[in-house]
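What the coordinates show
Below are the chains, spelled out letter by letter.
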Amino acid sequence: MGIVIYWDYRSVDGIQLPVQRIISAVIGSPVELILGDHFPLEGYHRIRRQYDGGRIINRISLFKRLHGIQDHFLLVIPDDIYADSSDFVFGLARDSIGSAVVSTARLENEYYGLPGDIHLIIERTAKEGAHELGHLLGLEHCSVPECIMYRPESLSELDRKERYFCPECRLQLPPIR
């Protein structure tokens, strides 16, 4: 089973290839990139002004079935998302169906009123994408703050993570074709 990244055309442009390359290097396997159209989302909460990440995952599952996709699937969107009781999440994965989503909304400096930084958005998107794909490959959250599988509660914690799996998490990674 391979890995596919579906890049919603509304997401940050010009960073797709660097993000794909970084994720491929972190995972240690080729990653297919699909430059897609507007992905048909559902689960918008008007009061929160966010999408329900769980409903997006369900939509990805439907999309995969309709298009005969059996690979692990990571959707990159610009929309803010939340899950369960969280105010927000950077990303979400459901390994049972091989589907994950990453939102670039809170990964961009502009969200916090800071000047844009293309290098930071590339790093953040790649780290979060690799993290969610790690879940699809069976990994749980890690207690090592520098490990890609560490669960960041803030942008500064995400920035502190490195582009690698700690030795224990690396040993748990299954082979990918």
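Our subject is the structure listed above.
Described in the following lines is the structure provided in the data block. (Residues numbered from 1 in each chain as written. Predicted model: local features only at pLDDT ≥ 70, side-chain atom pairs only at ≥ 80, totals over all residues. Heavy atoms only, no water.)

**Description of the overall build of the protein**
- When you go through the protein residue by residue, the secondary structure sums to five helices and eight strands.
- Secondary structure elements in the protein, listed N-terminal to C-terminal, are β-α-β-β-β-α-β-β-β-β-α-α-α.
- Over its C-alpha atoms the protein spans a radius of gyration of 15 Å, differing by no more than 12% from the 16 Å that the globule rule assigns to 177 residues.
- Dimensions of the protein, computed from the C-alpha atoms along their principal axes, are close to 45 × 40 × 35 Å.
- Relative to its 177 residues, the protein shows a buried fraction of 53%.
- Across the protein, contacts joining residues at least 24 apart in sequence account for 64% of those joining residues at least 6 apart.
- Summing over all exposed atoms, the protein offers an accessible surface of approximately 8800 Å²; the carbon and sulfur share of this is 50%. (Helix = DSSP H or I, 4+ residues; strand = E, 2+ residues; numbered from the N terminus. Rg over C-alpha atoms; globule rule 2.2 N^0.38 Å. Buried < 20%, exposed > 50% of the residue type's maximum accessible area, 1.4 Å probe, protein only. Contact = heavy atoms within 4.5 Å. Areas by Shrake-Rupley, 256 points an atom, 1.4 Å probe, with all protein chains shown as cover.)

**With respect to a nonpolar patch on the surface**
- A cluster of nonpolar side chains, namely Tyr111, Tyr112 and Leu114, defines an oily patch on the protein surface of about 300 Å² accessible area.
- When you line up the elements, Leu114 lands in the loop between strand 8 (99-103) and helix 3 (118-136). (Patch = residues over 30% accessible without salt bridge, like charges linked within 9 Å, V, L, I, M, F, W, Y side chains within 5 Å. Salt bridge = Lys/Arg side-chain N within 4 Å of Asp/Glu carboxyl O.)

**Some remarks on the pairing of strand 2 (residues 32-35)**
- The pairing of strand 1 (residues 3-7) with strand 2 spans four bridges and is classified as parallel. Considered in strand 2, the bridge of Val4 is made with Glu32.
- Crossover strand 1 to strand 2 through helix 1 (residues 16-27) is right-handed. (Pairing = 2+ DSSP bridges. Right-handed = clockwise from strand over helix to strand, strands pointing away.)

**Brief notes about the pattern of salt bridges**
- Scanning the model with the defined rule gives eight salt bridges in all.
- Where Arg106 meets Asp80, a salt bridge forms, and the shortest distance between an N and an O atom there is 2.9 Å. Separated by 26 residues along the polypeptide, Arg106 in the loop between strand 8 and helix 3 and Asp80 in the loop between strand 5 (72-77) and strand 6 (81-82) bring together distant segments of the chain. For the pair Arg106 and Asp80, one class covers both residues: buried.
- In this structure, Glu153 and Arg151 form a salt bridge, with 3.8 Å as the shortest nitrogen-oxygen distance.
- Several salt bridges converge on common partners, so that one network encompasses Asp8, Arg10 and Asp79.

**Section: helix 2 (residues 53-67)**
- With 15 residues, helix 2 should cover 21 Å at 1.5 Å per step; its first-to-last C-alpha distance of 21 Å lies within 8% of that length.
- Within the sequence span of helix 2, burial applies to Gly53, Gly54, Ile56, Ile57, Ile60, Ser61, Phe63 and Lys64.
- Looking at where helix 2 begins, the residue whose side-chain oxygen comes 2.9 Å from the main-chain nitrogen of Gly54 is Asp52. (Expected span 1.5 Å × (residues − 1). Polar contact = N/O pair within 3.5 Å; in protein donor to acceptor, adjacent residues only side chain to side chain.)

**Describing the sheet that holds strand 1**
- Pairing within the open sheet is mixed, and its five strands lie in the order 2-1-5-8-7. The sheet is open, and its two borders are formed by strand 2 and strand 7 (91-94), each paired with just one other strand. Adjacent strand axes in the sheet meet at a mean angle of 15°, parallel and antiparallel pairs treated alike. (Axes fitted to C-alpha atoms, helices over the stretch in contact; angles between N-to-C directions.)

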